Amino acid sequence: MNAIHTEQAPAAIGPYSQAIHAGRLVFVSGQLPVDPATGTFAEGGIKELTRQSLTNMKHILEAEGLTMAQVVKTTVFLADMADFAEMNEVYAQFFSQPFPARSAIAVKTLPKNARVEIECIASED
């Protein structure tokens, strides 16, 4: 197991790694829509927040030499399922066929009262 870290994504806010490389898989921890340059949430609505979470994920994968095309599974956590359609619109800009498997879950609260958090599993294959 090897920890992955990049300055192009927010640092972990607890006892966990941005991502872990284990075997041929990379497990990216849930990415809040935090701009790593400012340490604050991206400005705007759910579209901008989703874009920031996915951009953070992309930078973590790139730090390990992977791309979004190698993502096999994502989990999207939303504070409000009413944001699903707008989240999905931005999400679709980051992935192409064959799309990764995905779960989208509405949760009561997210860390720092975020509106969205996204995690993924990527494969070197």
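Residues numbered from 1 in each chain as written. Predicted model: local features only at pLDDT ≥ 70, side-chain atom pairs only at ≥ 80, totals over all residues. Heavy atoms only, no water.

If you check an unreviewed UniProt entry, the protein chain appears there as Endoribonuclease L-PSP, putative from Prevotella dentalis. If you open the UniProt record of the protein chain and go to Sequence similarities (unreviewed entry), you find "Belongs to the RutC family." (UniProt positions renumbered as here; feature names shortened; annotations may be inferred.)

(A) Layout of the side chain of Ser 53. Within the element layout of this structure, Ser 53 appears in helix α1 (residues 46-63). In this structure Ser 53 comes out as buried when scored by relative accessible area, which is 0%. Looking at Ser 53, its side chain comes within polar contact range of the main-chain oxygen of Gln 31, at 2.9 Å. Ignoring sequence-local partners within four residues, the contact set of Ser 53 consists of Gln 31, Leu 32, Pro 33, Val 116 and Ile 118. (Helix = DSSP H or I, 4+ residues; strand = E, 2+ residues; numbered from the N terminus. Buried < 20%, exposed > 50% of the residue type's maximum accessible area, 1.4 Å probe, protein only. Polar contact = N/O pair within 3.5 Å; in protein donor to acceptor, adjacent residues only side chain to side chain. Contact = heavy atoms within 4.5 Å.)

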